[in-house]
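Each chain, written out:
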Amino acid sequence: MNFFLNLSTEKGWIANSNKDIQIFFKGYLNNLSISNLIKHLSSISFNEDKLDKFFKKLDGHFSIILIQKDALLIAVDRISSIPIILVKKEKNIFIADNYTNLLGVLKKKKKLSLDTRQTRHLAMSGFTFGSSGVFKEVIISNPGSFLLLKNKLLIKKKYHDWRPFKKQKCKSTLLKSKLIKINNNIISKLIKTCNNRFIVIPLSAGYDSRFILSGLIDKGYKNIITFSYGRKENRELNTARKIAEYLKVPWNYIEFTNYNKKKIAISETYTKFKYFSDTTQSVHFPQDFQAIHYLKNNKIIPKDSIIVNGQSGDFITGNHIPELKEKNSFDEVFHYFFLKHYKIWKSLMSENKEIIKKSFLKRVEGIKNYDTNVTSSDFLIEAFQKIEYEDRQIKYVVSGQKAYEFFGYEWRLPLWDNDYIDFWEKVDIAYKIKQNLYREVLKEQNWGDVWHKFPLNPPNTFSVNMQFIRFLFKCIFLLYGKNKWHAFEKRYLDYYMNPLCGYAPWSYLKIMKDNRGFTNSLSFYIEEYLQEKGTNWKGIV
């Protein structure tokens, strides 16, 4: 078997050779040094059972590639935070860490064919559905799994499977004490692995970044830099600044305007970032790029800084769980799922609803087939959680770390720590709805004394001029109803209200004239992504 490997080696990959074994590693580990990892993998070789046990115990976020003669191992962590993609053709395997690198190694050896089922999903949501990407031939590393090529056979083995329907009954007092212990533990692990290097935190007015910052302060960590970004009137800024001042940590503000956002969005650097981020399963995550670009260019953060954000505390702790009239109503659960994730273009919703519904039903039935606990009235909601975990969270949200990697920084995701994944998997829905348990414990712990002094997620704010214009039009639309008002606001005002200036790469005239029913600026990023892949905004060739 011939292996053709093309990795962005300057973006954090470590290469090592041990006798006839080549090992490539990227990421960080909490419970094993890289040298010991290499020794363990060399001794285990390609034994499937031993590898399964080994990866179950491995704690951290990582991607591993191991090659020995005709054998291959590719392994990723529980959230596939550093995905690998590959194509197998006859006696050749082409391996890369993004689509551009895959094309580079494929050259003209293999033409890739679009999966129009997946491009349709991506057109409506921004990510694919299930284990594959937009190309039929491309194999993607899935969360909590490893790929093993042995004796010319490619085996996909899942060593970890997140199943929120495996919940355990537990009293709230015991849950709280467990969570307090785990909160302390994940911050302690973060401190240990960062080893006194500067931790850089994108600070908002919400729960998750405040959790990370206040936890570090509580444990006495000194080397901290925070930053916030967006329009001057962004609701996050004032609260974030006050928290940083109160905790006596440096805070930096990066102002976003339509002008500077457009300038950077059409730059060659941004184009390279988009290509670097592309693993064929979602549109890129644009949010942090401009801020990190500014911090690096102005030498505000040291080269060896580690960037730590609060992803994805809101999801894992229950903020996305719907409160439904009938928990066991498939139609009601699907309706919530569809409205939450498939509204990128409203004009596509009615024509594709039944297609998406069949895909969702098939996925839910697949979950039932490998689990016996399907009698719970919460099962459908829990299946929905599992699907979001494997799709939107892992493919799109977690890919936000690519912005840090692109600029040469390491990152950590403490709220995707193994301990957190395990704990919240087993918590009953009653404690997760509206993040009840999570919020209660954070406020009781009150790290840094910042959980009662400063508002959490304050309402959005706008400039004085925009407030007046918005109020004027809103009064007019009292005659036409809320739906008409929201549609008007989105189409004609959001361009100048969006806190991150998301529409800036396109002209106001283009946005204003668009009658397809876009949800937000991401709609247009998705359209561009699909066009680059050879299909239209509907995901149809």
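Look up a bit, the structure's there.
Draft legend 1. How the structure looks around the overall build of the chain. Of the regular secondary structure elements, the chain holds 22 helices and 15 strands. Principal-axis analysis of the C-alpha atoms places the extent of the chain at approximately 70 × 55 × 55 Å. Within the span of the chain, comprising 541 residues, buried residues form 57% of the whole. Across the chain, contacts joining residues at least 24 apart in sequence account for 71% of those joining residues at least 6 apart. Working note: accessible area of the chain is about 23,600 Å², and carbon and sulfur atoms make up 52% of it. Here the chain contributes 87 positive and 53 negative side-chain charges, whose respective centroids are spaced 2 Å apart.

Draft legend 2. A look at the packing of helix α4 (residues 116-125) against helix α22 (residues 522-532). α22 packs onto α4 with a crossing angle of 155 degrees between their chain directions and a minimal axis gap of 8 Å. Taken together, the axes of α4 and α22 lie roughly antiparallel to each other. Residues Thr-119, Leu-122, Ala-123 and Ser-125 of α4 lie in contact with α22, whose contacting residues are Ile-526, Tyr-529 and Leu-530. Of the residues belonging to the contact of α4 with α22, the class tally is five nonpolar, two polar and no charged.

Draft legend 3. Structural view of helix α10 (residues 289-297). Among the residues of α10, Phe-289, Gln-290, Ala-291, Ile-292, His-293 and Leu-295 are the ones counted as buried. Count one or two residues on from α10 and you reach Lys-299, which has phi positive near 55 degrees.

Draft legend 4. Quick look at the sheet that holds strand β8 (residues 139-140). Taken together, four strands build an open sheet; the order of strands is β1-β7-β6-β8 and the sheet is mixed. Edge strands, defined here as strands with exactly one partner in the open sheet, are β1 (2-6) and β8. Across five bridges, strand β6 (residues 85-89) lies against strand β7 (residues 92-96) in antiparallel orientation. Residue pairing for β7: Val-87 is matched across the bridge by Phe-94. On the sheet, helix α3 (residues 99-106) packs against β1, β6 and β7 and is oriented at approximately 150 degrees with respect to β7.

Draft legend 5. Expanded view of helix α16 (residues 418-425). With six of its eight residues buried, α16 lies for the most part within the structure. The N-cap of α16, judged by a side-chain oxygen 2.8 Å from the amide nitrogen of Asp-419 a few residues on, is Asp-417.

Draft legend 6. Geometry of unusual backbone geometry. In this chain, Gln-311 is followed by Ser-312 through a cis amide linkage whose omega measures -5 degrees. Mapping Ser-312 onto the fold places it in the loop between β14 (306-308) and α11 (313-316). The phi angle at Asn-195 is positive, at roughly 50 degrees, despite the residue not being glycine. Tracing the sequence through the fold places Asn-195 in the loop between α5 (172-194) and β11 (199-202). One non-glycine residue, Asn-457, lies in the positive phi region at around 50 degrees. Mapped onto the elements of the fold, Asn-457 is located in the loop between α18 (436-445) and α19 (464-476).

Draft legend 7. Geometry of the packing of aromatic side chains. Here the structure, examined in full by the defined rule, presents 62 aromatic pairs. Consider the rings of Phe-315 and Tyr-389, whose centres lie 6.5 Å apart with planes at 45 degrees: the pair is tilted. Of this pair, Phe-315 sits in helix α11 while Tyr-389 sits in helix α14 (residues 379-397), placing them 74 residues apart in sequence. Judged by its relative accessible area of 2%, Tyr-389 falls in the buried class. Of the aromatic side chains, those joined through ring pairs into one cluster are Trp-345, Tyr-495, Tyr-496, Tyr-503, Trp-506, Tyr-508, Phe-518, Phe-524, Tyr-525 and Trp-537. When the ring centre of Phe-129 is taken as reference, the NZ or CZ atom of Arg-363 above it lies at 4.6 Å.

Draft legend 8. Inspection of the nonpolar core at higher detail. In terms of nonpolar packing, the biggest core is built from 149 residues, with Ile-65, Phe-211 and Tyr-420 touching the most fellow members. With ten residues, the single largest contributor to this core is α14. Contacts of Phe-211, omitting those with residues within four sequence positions, involve Asn-183, Ile-186, Ile-187, Leu-415, Tyr-420, Tyr-438, Leu-442, Trp-447 and Trp-451. With 22 residues, the next largest nonpolar core counts Phe-55, Phe-62, Ile-64 and Leu-148 among its residues.

Draft legend 9. Structural context of the pattern of salt bridges. Taken as a whole and assessed by the stated rule, the structure comprises 35 salt bridges. Across the pair Lys-274 and Glu-528 runs a salt bridge, and its minimum N-O distance is 3.7 Å. Residue Lys-274 is found in helix α9 (residues 268-277), and its partner Glu-528 is found in helix α22; the two are separated by 254 residues along the sequence. Given the relative accessible area of 15%, Lys-274 is considered buried. Classification of Glu-528 as partly exposed rests on a relative accessible area of 29%.

Draft legend 10. Quick look at the side chain of Asp-514. Residue position: Asp-514 is located in the loop between α21 (508-513) and α22. Residue classification places Asp-514 among the buried positions, given a relative accessible area of 9%. There is a polar contact of 2.6 Å between the side chain of Asp-514 and the side chain of Arg-516. Setting aside residues up to four positions removed in sequence, Asp-514 forms contacts with Trp-345, Arg-491 and Phe-524.

Calculation notes
Residues numbered from 1 in each chain as written. Predicted model: local features only at pLDDT ≥ 70, side-chain atom pairs only at ≥ 80, totals over all residues. Heavy atoms only, no water. Helix = DSSP H or I, 4+ residues; strand = E, 2+ residues; numbered from the N terminus. Buried < 20%, exposed > 50% of the residue type's maximum accessible area, 1.4 Å probe, protein only. Contact = heavy atoms within 4.5 Å. Areas by Shrake-Rupley, 256 points an atom, 1.4 Å probe, with all protein chains shown as cover. Lys, Arg positive; Asp, Glu negative; His and termini not counted. Charge placed at Lys NZ, Arg CZ, Asp CG, Glu CD. Axes fitted to C-alpha atoms, helices over the stretch in contact; angles between N-to-C directions. Parallel < 35°, antiparallel > 145°, perpendicular 65-115°, else oblique. Nonpolar A, V, L, I, M, F, W, Y, C, P; charged D, E, K, R; others polar. Pairing = 2+ DSSP bridges. Polar contact = N/O pair within 3.5 Å; in protein donor to acceptor, adjacent residues only side chain to side chain. Phe/Tyr/Trp six-rings, centres within 6.5 Å; stacked < 30°, edge-to-face > 60°. Lys NZ or Arg CZ within 6 Å of the ring centre and 35° of its normal. Core = buried A, V, L, I, M, F, W, Y, C linked by side-chain atoms within 4.5 Å. Salt bridge = Lys/Arg side-chain N within 4 Å of Asp/Glu carboxyl O.

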